[in-house]
Amino acid sequence: CGADQTCTDPDKAANKLHDFECACNSDMSIKKVDGPATCDKDECTSNPCAMGQTCNDPVKTVKSVGDYTCTCANGVVATGASATCETDECAAMPSPCGADQTCTDPDKAANKLHDFECACNSDMSIKKVDGPATCDKDECTSNPCAMGQTCNDPVKTVKSVGDYTCTCANGVVATGASATCETDECAAMPSPCGADQTCTDPDKAANKLHDFECACNSDMSIKKVDGPATCDKDECSASPCGMGQTCVDPVQSVSSIGDFTCECANGVKATGAAAICETDECTATPSPCGADQTCTDPDKASNKLHDFECACNSDMSIKKIDGPATCDKDECSSSPCGTGQTCDDPMKSVN
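Tracing the sequence through the fold places Ser 160 in the loop between strand S10 (150-152) and strand S11 (165-167). Measuring from C-alpha to C-alpha, the distance between Ser 160 and Asp 136 comes to 9.7 Å, with 24 residues separating the pair along the chain. Aside from chain neighbours lying at most four places away, what touches Ser 160 is Glu 139 and Val 155.

A word on the sheet that holds strand S4 (residues 54-56). Pairing in this open sheet of three strands is antiparallel, and the strands run S4-S5-S6 from one edge to the other. Taken across any chain shown, the strands that pair with only one partner, and hence form the sheet edges, are S4 and strand S6 (77-79). Neighbour-to-neighbour, the strand axes of this sheet turn through a mean angle of 20 degrees, independent of strand direction.

As a further point, take the sheet that holds strand S13 (residues 197-200). Strand order in the open sheet made by the three strands is S13-S14-S15, with antiparallel pairing throughout. Each edge of the open sheet carries a strand with a single partner, namely S13 and strand S15 (219-225). Between one strand axis and the next, the sheet turns by 25 degrees as a mean value, whatever way the strands run. Pairing of strand S14 (residues 213-216) with S15, which is carried by four bridges, proceeds in the antiparallel orientation. For Ala 215, the partnering residue across the bridge sits in S15 and is Lys 223.

The topology assignment puts Asn 303 in the loop between strand S19 (293-296) and strand S20 (309-312). Looking at Asn 303, the relative accessible area reads 47%, which means it is partly exposed. Considered as a pair, Asn 303 and Asn 266 are 37 residues apart in the sequence and their alpha carbons are 9.4 Å apart. If we skip the residues at most four places from it in the chain, Asn 303 touches Gly 267 and Val 268.

With respect to the helices and strands, Glu 281 occurs in the loop between strand S18 (269-271) and S19. Within the structure, the side chain of Glu 281 is placed 2.8 Å from the backbone nitrogen of His 306, a separation counted as a polar contact.

Attention now moves to the nonpolar core. Of all hydrophobic cores here, the largest spans 10 residues; its members are Cys 140, Cys 145, Tyr 164, Cys 166, Cys 168, Val 172, Ala 174, Ala 179, Ala 205 and Ala 206. Ignoring sequence-local partners within four residues, the contact set of Ala 179 consists of Gln 149, Cys 166, Cys 168, Val 172 and Ala 174.

Turning our attention to the pairing of S14. As defined by bridge partners, S13 adjoins S14 across four bridges and the pair is classed as antiparallel. Note that in S14 the partner of Cys 199 across the bridge is Cys 214. Hairpin connection of S14 to S15: two residues between the antiparallel strands.

Right, let's talk about the state of the cysteines for a bit. For the structure shown, the criterion picks out 19 disulfides. The disulfide partner of Cys 1 is Cys 22, and the gap between their sulfur atoms is 1.7 Å. Between Cys 1 and Cys 22 the disulfide shows an S-S torsion of about -90 degrees. By sign, it is left-handed. Highlighted residues: Cys 1 in the segment before strand S1 (5-8) and Cys 22 in strand S2 (residues 21-24), separated in sequence by 21 residues.

So, on to unusual backbone geometry. With an omega of 0 degrees, the peptide bond between Met 93 and Pro 94 qualifies as cis. Within the secondary structure, Pro 94 sits in the loop between S6 and strand S7 (101-104). Each neighbour pair has its own omega, and for Met 189 with Pro 190 the value is 0 degrees, a cis peptide bond. Looking at where Pro 190 falls in the secondary structure, it is placed in the loop between strand S12 (173-175) and S13. In this structure, Asp 4 takes a positive phi of about 60 degrees despite not being glycine. Take Asp 4: it is sitting in the segment before S1.

Right, let's talk about the pattern of salt bridges for a bit. Tallying each qualifying case throughout the model produces four salt bridges. With a shortest N-O distance of 3.9 Å, Lys 223 and Glu 213 are connected by a salt bridge. Residue Lys 223 is located in strand S15, and its partner Glu 213 is located in strand S14; the two are separated by 10 residues in the primary sequence. On the accessibility criterion, Glu 213 (27% relative accessible area) is partly exposed.

Each value, and the rule that gives it
Residues numbered from 1 in each chain as written. Predicted model: local features only at pLDDT ≥ 70, side-chain atom pairs only at ≥ 80, totals over all residues. Heavy atoms only, no water. Helix = DSSP H or I, 4+ residues; strand = E, 2+ residues; numbered from the N terminus. Contact = heavy atoms within 4.5 Å. Pairing = 2+ DSSP bridges. Axes fitted to C-alpha atoms, helices over the stretch in contact; angles between N-to-C directions. Buried < 20%, exposed > 50% of the residue type's maximum accessible area, 1.4 Å probe, protein only. Polar contact = N/O pair within 3.5 Å; in protein donor to acceptor, adjacent residues only side chain to side chain. Core = buried A, V, L, I, M, F, W, Y, C linked by side-chain atoms within 4.5 Å. Disulfide = S-S within 2.5 Å. Salt bridge = Lys/Arg side-chain N within 4 Å of Asp/Glu carboxyl O.

Put into structure tokens, the structure is as follows:
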């Protein structure tokens, strides 16, 4: 049996030759009758691994055929066959990333699978490992805009979500949401014009704000844009009349400025200004009666003009209203005497 084997003769009868059995000490189950057993077999001696790979046969027996390993320099190991050291997953046909994407396999070791990366050609920052990236996304396909609006997605990528626009027929545009095409500013509660005014929004486009108009119900010609109009104005609140005068504003509106009246206790009135209640015509300089006459104004109400009276100082019974009296009359001035006679008028008076 040789070394490292155990020899057993099961029948030692002299006529029973060539029945001895040799068993490998390393594996007693490996036996041979009538000769040494074949115990050891190093499978690496036949160089089963590819160039550059390391072969190892852990159990060198005929019973352990196929247990050798081939190890690549990058650590990839195969048992019972030469190892496939590198696998470029991107080299597959068709490409695992599909069209319009770039495939990159960062580690081509055969034991490093499913690590390939797909990047969108339209945006290389959009990537996915072990499968195609989601590059394109047209947000308009989900109909995010309201009926009658036009949707536009300028950049159809998953990184530009929310950049779509909705455009109304009147030109109003909203980004990332359905547009509010019309806004009636007058529909607000409470009314932006306040009470006793009529609100009108001439252009209800949502991008046409602050154009509503408020008109006074008391006078529709009084208007203001983007806020309540100033409708009422009581001019008497500013006390424009003199002391003791009564103020009346018949139409309290900003369109009727100057229609207030000031009325004196004696009935004198003025419109748009304080009234002049009294006027003494005799205080004028020079006197309206002239010299040597006395002026008297019996009613000084300013609406009682031309009633002053002039009386001659030489004869107070001689009077005239609204002008100087004729006080002096020299009768000799008419030559009433005959020729050669001297005329003398001692009382040169109309009386």
